[in-house]
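# Commentary on secondary and tertiary structure
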Amino acid sequence: MNSEAGLSLTYFTFIYFLVISWSAFVTSNPNPTADINILGKFTSVVGLLGAALFFAGWIYRWAYFYFFQLEISNLDLPAQSFLIVPIQIFLGDGWTICRTAIAFLLAAIAINMTLWLIRITSEFILNSFHDVSNGIIRATQHRRSITARFLNSLVNYSSQQLRLVDFLRSLVNEIVIVSWVLIVIFWLAQWQGIADARRDAGQNSTLPVIAFITPGEKFVAGRKLEDEFTDPLLKGYKIIGDRGLFEDLRGKEDTDVSNPQQPRVWRLLLERSGWIYLFSTLPPNAPPNNRPAVIAIQEGDPGHLLILAPEVSKPIAP
């Protein structure tokens, strides 16, 4: 967490000095109106960039921890950590950079096609409306009945209001552009988050291997250091939920790599807000849709054990 805090501090310091330098440049320029315009646009771009980076980081962490059955809103992660993650999403390696470039190129094509479809559709609707309104005006302009006057006034008013559509085109263009950019960022961040979670859940995990040691009376699971083949007593403990998840855990609380085909390695997923999240990595031949069960241990005296799994435990055959 210290490294993330240091990186985020460096990031914000860089942005701060960039803004200060730009402000100094604008102050020295003899044309203040143009300079205020440029500074305003620059500030808007920086704000939009920060919002996009935060959005990408949030989606990435949401997809990553959702793979492990954890809800990101309950983890109390620091806000600055969401601004560091997008570097990995967009610039992680050569393939990631190429994928990002291809995605935004396709987004640019999609934006142009969407704007083109909106333009021809709006023109067709406006032309159809003008034809209908002109016909109504010609049919009612020489009549003196109340209905004819009402229709004539309504059509004239509507025609005048439709001229305001031109003022909304820039707003529609911006909405289309922002929508497509957010869609691309969402899918890139979600894909990268799930891919990294699958990697960390398997044998090529980048998460640290852990040895968690606690007093025997404080923790219901685990192996005794002096006698690792004896299960701890369960007297005084209660359970709500799937007991099979706990039975699947017993006897498998230690790391064992003696069998290369079925290695068992315990890793630390996260330590946050008084909870420690552990899991045993998936075997090498695990199906792509498999997800590991996560053990959440509450720090305190006595500690509580929470087992999170993607599905109900399977009954043991007699």
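As shown above, the structure is provided for reference.
Everything in this summary refers to the structure shown in the same document. A quick note: this is a predicted structure, and the numbers were derived from the prediction, not measured.

## Things to note about the sheet that holds strand 2 (residues 275-280)
Strand order across the open sheet formed by four strands is 1-2-3-4, with antiparallel pairing between neighbours. The open sheet is flanked by strand 1 (266-272) and strand 4 (305-308), the only strands paired with a single partner. Taking the axes of each pair of neighbouring strands and ignoring which way they run, one obtains an average angle of 20° across the sheet. When strand 1 meets strand 2, the two strands line up antiparallel, connected through six bridges. By the bridge assignment for strand 2, Glu271 is matched with Ile276.

## What about the nonpolar core?
One finds Tyr64, Phe65, Phe68, Ile89, Leu269 and Tyr277 to be the most contacted residues of the largest nonpolar core, which totals 32 residues. For this core, the elements supplying multiple residues, two or more each, are helix 2 (32-67), helix 3 (81-91), helix 4 (94-140), helix 6 (165-201), strand 1, strand 2 and strand 3 (294-298). Not counting residues within four places of it along the chain, the set of residues in contact with Tyr64 comprises Gly193, Asp196, Ala197, Asp200, Leu207 and Leu269. Ranked by size, the runner-up nonpolar core spans 11 residues in total, among them Leu249, Trp266, Leu268 and Ile307.

## Looking at a nonpolar patch on the surface
Nonpolar side chains collect at one region of the surface, where Ile102, Leu105, Leu106, Ile109 and Met113 lie side by side and expose about 500 Å² of accessible area between them. Tracing the sequence through the fold places Ile109 in helix 4.

## Remarks on the packing of aromatic side chains
The geometry of an aromatic ring pair is captured by two quantities: the separation of the ring centres and the angle between the planes. By the definition in use, this model includes 10 aromatic pairs. Aromatic pair Tyr64 and Phe68: ring centres 5.6 Å apart, planes at 55°, arrangement tilted. Residue Tyr64 shares its accessibility class with Phe68, and that shared class is buried. On the numbers, 5.2 Å between centres and 45° between planes, the contact of Phe68 with Phe279 is tilted. Of this pair, Phe68 sits in the loop between helix 2 and helix 3 while Phe279 sits in strand 2, and the two are 211 residues apart along the sequence. You can call Phe279 buried: its relative accessible area is 0%. Ring pairing ties together the aromatic residues Tyr60, Tyr64, Phe65, Phe67, Phe68 and Phe279, which thus form one cluster.

Rules of the game
Residues numbered from 1 in each chain as written. Predicted model: local features only at pLDDT ≥ 70, side-chain atom pairs only at ≥ 80, totals over all residues. Heavy atoms only, no water. Pairing = 2+ DSSP bridges. Helix = DSSP H or I, 4+ residues; strand = E, 2+ residues; numbered from the N terminus. Axes fitted to C-alpha atoms, helices over the stretch in contact; angles between N-to-C directions. Core = buried A, V, L, I, M, F, W, Y, C linked by side-chain atoms within 4.5 Å. Buried < 20%, exposed > 50% of the residue type's maximum accessible area, 1.4 Å probe, protein only. Contact = heavy atoms within 4.5 Å. Patch = residues over 30% accessible without salt bridge, like charges linked within 9 Å, V, L, I, M, F, W, Y side chains within 5 Å. Areas by Shrake-Rupley, 256 points an atom, 1.4 Å probe, with all protein chains shown as cover. Salt bridge = Lys/Arg side-chain N within 4 Å of Asp/Glu carboxyl O. Phe/Tyr/Trp six-rings, centres within 6.5 Å; stacked < 30°, edge-to-face > 60°.

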